[in-house]
Each structure stands twice: as structure tokens, then as C-alpha cells.
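Architecture at a glance
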Amino acid sequence: MTRHVPALSRRALLAYGAGAAGTAALIGASRPVRAQAPVTLVNVSYDPTRELYRFLNEAFAKHWREKSGQQVTIRTSHGGSGRQARSVIDGLEADVVTLALGGDIDAIVENGGKIAANWQSRLPNNSSPYTSTIVLLVRKGNPKQIRDWADLAKPGISVITPNPKTSGGARWNYLAAWAYELARTNGDAAKAKAFVEAIYRNVPVLDTGARGSTTTFVQRNLGDVLIAWENEAYLSVQEFGADKFDIITPSLSILAEPPVTVVDQVVDKRGTRAVAQAYLEFLYTPEAQKIIAKNFYRPFKPEAADPADIARFPQLKLVTIDQQFGGWAKAHKDHFADGASFDQIYRPGAATR
Amino acid sequence: MSDVSRATFRSPLQESLAVRWLLILVAVAFLALVVLLPLAAVFSEALRKGPEAALAAFDDEATWSAVTLTLTVAAITVPANLVFGVAAAWAIAKFEFPGKSLLITLIDLPFSVSPVVSGLVFVLVFGSHGLLGPLLSAWNIKIIFALPGIVLATTFVTLPFIARELIPLMQEQGTAEEEAALTLGASGLKAFLTVTLPNIRWALLYGVLLCNARAMGEFGAVAVVSGHIRGLTNTMPLHVEILYNEYNFVGAFAVAALLALLALVTLGAKSLLEWRYGDALAGKSRH
């Protein structure tokens, strides 16, 4: 019987390093020092964070090598936040998820319990290492004179936004427009619904993720205005030149808190909890906060970032999901569940009529 | 008089010169617009910033991982479908058995189902909450969001190519030659290897080439079961989409060009065989 023990632990080590290159895993398995075996983490994230995590992963790999001597490779997957959550529920082995909103992580908790229910209290700031908001991106010179949310509901304006069923950014977009009209009408929910319906009547196509909508707007040249993550709007201007687009900051928007967490079931199975936890904690360090601000996300600790980066963010009135909508569970039930407000107002192809 | 009548009379099978030219022009213009232009665009976009910029896309471990994955998937899928396709075509063309028409319908099924649905089917079967999900996770076996799932989805989508190529040909050929071989004392296996296989070799090759091209290019079904993990579960078509979405247009088109080149190599091999063995193929293939 005792002969089985080394065989088993070797297999466990092999499984532990399975994500890394095959030979590296074999070398790791034959060595007694477990910390030296290269490790791979999978980060399943939402759509616009591709550039951000490329920089963060590089920085963390360096940080982790210096700290523990272990080589870590972080693989990322990007897509609409809701769709990514669905994949994790269906079995995509993510060590950590970094999604667009808490509701999508709650969905993973509720469907199969791969993440502990108390996830949001495990890291500072509701487990959001940065925040962002929703702004409007228009073509250079603002030919359609779009100044605020109210202009999106006017007839003849073509609005690009992704599908709230699959995209987290799209849900923030939807709720930001809703919050604007609530504020304007002193909390009249019926008016807010009619207002958002008027906006979605102007939407010709719903992409599955925020990046899909951005390429629709900037590459395919569809639409007069893109409702976008602030970081996504700034990135478009940086990538395609300030002579192509203008960013319009609306009078009111929503405080978007994209949260992060380890996927308990996966890290416990793969034996990667320590490094996955360190990866997420790293996001709160001054070094990471600086990278976050450089990539147009609003850092949790602005004092750690380059002041010039912070100065780029305009001041605007922000409502929160908890104050305005009673948290994600309620917002989901009221607006995005089957038959809720979005299903009631949106009919595909309405914009072409 | 006879000159005049020759000039005005023409065979009812012969269209006038103007109509013939018009038809040729329409066909060529259509091909140029639908096939040549996009293909040329892929290469010109890839080389827009010079060959160095295009080659830079291949100086990325994630790109090579995608190329390797795509070739691995094709290397597993094509032989699997080869064995299945020959066996199914053999059974259908040479034997009578109950449920034969059902088998033919099943072979055609992947053609009529949307690739996205094909992918979802595997999620429903092998996903954490699928039919076999709990069993697989208890045994620690990964199917979807890993190589096996990608292979399964690709095999499903490309399943009809070889069988469909062989069935009409084998039916046309009948069973007379095999029967002769058997009466002369050949075993079933020997009859298959020395009589059936040589008769179908060109159609088989066609089927393999088509199957291979589709296996490397499949997007929809693979997108559903891949999980899109860069450097792990991204195939070439998925990697093209990722690069495009990251505003790396030259890189996206460079990888697309490589994918197109792989397809062109396949097509080139097919043309070469046609040219080399044109006569043998003419009577036996439907393409």
C-alpha cells in the first residue's frame, strides 16, 4: 500500500503542472521542491481588459518570481462577462475570474457553487481593485450634437451598445441610462423605462461583448454614438487617433465596480490557491494600481498612480448599483432576467423600422 | 445562298457569341468578387505594413500555440473521419440492413445543423451541468474547454465529408467485383484491400482533403467549446478573431493568410492530383 503514495503524489504534481509545457511539468514532478515547479493560472475576464491584463500579468510574473522563485504563466480568456460566467459554470477551468460586475460572479455561486458565497468580502473595496464608469463616444466634431443621455433617445440617432444578456458592460450602460432618467424625473420608473426603450429603438445591432461593439463602431463605422466603458472609449481614441473620435462625458453615470475572485473549486483541485490569491492581492499593490490608471481604469488607490493619469478622468456625478438599484441581485431580477424590463422593451430589428 | 443560310442558322444547342461572352463574364466577375477579391484582401492587409510587421505576428508564443492546436486537431479528426467514412460508406453501399436510411440521415445531420448548435450539444453533454458532467469531474477528465472537446466538435462538423464523397461512387460501382473476388477465394479483408480500396482511392483522397480544409477552418462549433484561453485552447480561426479584436489588424490578417495558405496547399494538392491523374479521376468522381 505504501508504494502507492509516491505514485499518487507524483500524479498530483503532474496534474499541478499540466497547464505548463509538458517537459517543464515532468522536470517539476521529479523534483522534490514543489514551489519551483512552473505554474499556469487561467484568468477568465470580460471583454475590454485584454490590454490591461497583458501588462498586469507581465508585472505579476516578475513579482512572483522575485518573491517565491516560481515561474508563473497567466493565460487569459476574454469575452462578454455574462458569457464568460456561463463558460465557467459549464466547466471552463478558471483559477480566477475578473468580470465586469458582481452579478455575473453571483451567477457562478448560484449555479454549482464553484465560488464561496462570501467572495465579495474577501478582498478590499468589494473585491474591485479598480472602478470605471460609462461614457459616450461620438465621431470627431460630434456631428449629431450628442451632449447627454437624452440625445440618445431622439429619433434618427443610431446607438451602438452590446447585448445586456451576454455583456456586463451592456448592463452598466442600460442602468446608467435608466439612472439618468430616474434622476431627471424624480424617480419615475415608468418614464425611465420609456426613455430606455426609446434608446434601444435606436440600436441597430447588439454585439455579445463590449469589444465587439467597439469594433462595430470604430472599424465598421456603424452608428452615431457608442455607449462605452470609460477605459474602452479612451483606448479607442489612443488606438485610432484623437482626430477620429470625441469622448462625451454625460451629466450623470454609474459607478461600475468590476470585481475579482478566485474560483475556489478550481484552485483547490489544481492546488493553485496560494498563487491565485497572490495574483489578486497584487492587483491592489501600488505597482498594479499604477498600471491600472495608465490603462484608463480608475484605481482604488489613486495616490499610487501617476497624477497625470488620474487627471485624465473627468469629475461627474456617479450613482451606485446598491443605492439606485438595490444591488445586483435585485437589478438582475428587475431588468435582465427572462421577461424583466429589457425583454419587455427590446424587440430585435426595431431600429430598422 | 448557302453562305447566308449557314450564317443565320445555328444549332439549337449553341448560344450566340454575345450570350456566351456575357455568361463567361458574369461567371468570372462573380468568382472574382466573391472568391478572389477577399482572398487578395487578406494577403494585402497582412502585408500592408511590410513583411516584417506580418512576420511579427509569428513572433508570439500564443500564435504558435494556435497553429499547433489547429494542426493537432486536424491530425486527429481527419484519420478518425477517414476510418468512419470508409466503414460507413462500405456498409451503406455494399450491404442491405435495417436502419440503413436512418444511418444515411445521421451522416447528413452535421451538414444541416448550425455549427453553433453542434458546439452547444457538446456543452450540454459534457459541461459541468451536462449529462455526463458530474461523472467526468469525479474522474477528473476534461472534455470541453480542452483539446478533447475541440476535437469532438470538429469531428462532428466534418463527419459527412468523407462518407458523402464515397457513398454515391461505391453505390454506382456495385458489388460485382467484390463478389468475383470472394468467389475466387479472397477473404473479406483481402477483397476490401485489393478490390474496393483501389476503386475508391481518388474519391477518398478528395474527401480527406475537403475534411482537412474544414477541420482547420472550423470556427462556430469550436468557438462554443474552446473557452478562448489564449495560448491553451485557441485554434487559428479563433486566434484571428482575438487579434482583430485587439486592434492588431496586421497580425490578424497575417494569421488569416497562413490559414488561407494551408487551405491553398490543400487545394493545390488536389489540383495537382487532378492534373496528374485526370483520366483516372474523370470517370470516378463527381467533382
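Remember, predicted model here, so these are calculated numbers, not experimental data.

Glancing now at the overall build of chain A. Looking only at helices and strands, chain A has 18 helices and 12 strands in total. Scored against the burial criterion, the 353 residues of chain A give a buried share of 59%. Sequence separation of at least 24 residues holds for 72% of the intrachain contacts in chain A that already meet a minimum separation of 6. Approximately 14,500 Å² of chain A is accessible, and the part contributed by carbon and sulfur atoms is 54%.

Here the focus is the interface of chain B and chain A. Taken together, the 21 residues of chain B in the interface contact 30 residues of chain A. Around 2,100 Å² of area is buried between chain B and chain A when both sides are counted, 54% of it from carbon and sulfur atoms. Where chain B meets chain A, there are four salt bridges. With a shortest N-O distance of 2.9 Å, E61 of chain B and R75 of chain A are connected by a salt bridge. One can count 14 residue pairs in polar contact (both at pLDDT 80 or more) joining chain B with chain A. Looking at the side of chain B that touches chain A element by element, the count peaks at three residues for helix α12 (residues 236–245) of chain B. The residue inventory of the side of chain B that touches chain A, partitioned by class, reads nine nonpolar, eight polar and four charged.

Residue and element names in this part refer to chain A. Taken in spatial order, the four strands of this open sheet run β6-β7-β5-β8, and their pairing is mixed. One side of each edge strand has no neighbouring strand; the edge strands of this open sheet are β6 (159–160) and β8 (245–248). Two strands pair when backbone bridges link them, and β6 and strand β7 (residues 225–229) are joined in this way by two bridges, in the parallel orientation. From the neighbouring strand, I160 faces β7, where its bridge partner is L226.

Our focus in this paragraph is the side chain of K114 of chain A. By secondary structure assignment, the location of K114 of chain A is in the loop between α5 (102–110) and α6 (124–127). Of the side chains with opposite charge, D90 of chain A lies nearest to the buried K114 of chain A, which makes no salt bridge, at 7.3 Å. In terms of polar contacts, K114 of chain A uses its side chain to reach the backbone carbonyl oxygen of V88 of chain A, at 3.0 Å. A distance of 2.8 Å separates polar atoms of two side chains, one belonging to K114 of chain A and the other to S128 of chain B. Beyond its immediate sequence surroundings of up to four residues, K114 of chain A is in contact with V88, I89, D90, G91, I108, V263, D264 and Q265 of chain A together with S128 of chain B.

Attention now moves to the confidence of the model for chain B. Residue and element names in this part refer to chain B. Confidence in the prediction for chain B averages 88 pLDDT; 92% of positions are at 70 or higher. Mean pLDDT values for the elements of chain B range from 51 in helix α1 (residues 2–8) up to 94 in helix α4 (residues 61–94). Note on the complex model: pTM 0.83, ipTM 0.80.

How each quantity is defined
Residues numbered from 1 in each chain as written. Chains lettered and ligands numbered in written order. Predicted model: local features only at pLDDT ≥ 70, side-chain atom pairs only at ≥ 80, totals over all residues. Heavy atoms only, no water. Helix = DSSP H or I, 4+ residues; strand = E, 2+ residues; numbered from the N terminus. Buried < 20%, exposed > 50% of the residue type's maximum accessible area, 1.4 Å probe, protein only. Contact = heavy atoms within 4.5 Å. Areas by Shrake-Rupley, 256 points an atom, 1.4 Å probe, with all protein chains shown as cover. Buried area = accessible area lost by both parts, 1.4 Å probe. Salt bridge = Lys/Arg side-chain N within 4 Å of Asp/Glu carboxyl O. Polar contact = N/O pair within 3.5 Å; in protein donor to acceptor, adjacent residues only side chain to side chain. Nonpolar A, V, L, I, M, F, W, Y, C, P; charged D, E, K, R; others polar. Pairing = 2+ DSSP bridges. Lys, Arg positive; Asp, Glu negative; His and termini not counted. pLDDT = per-residue confidence, 0-100.

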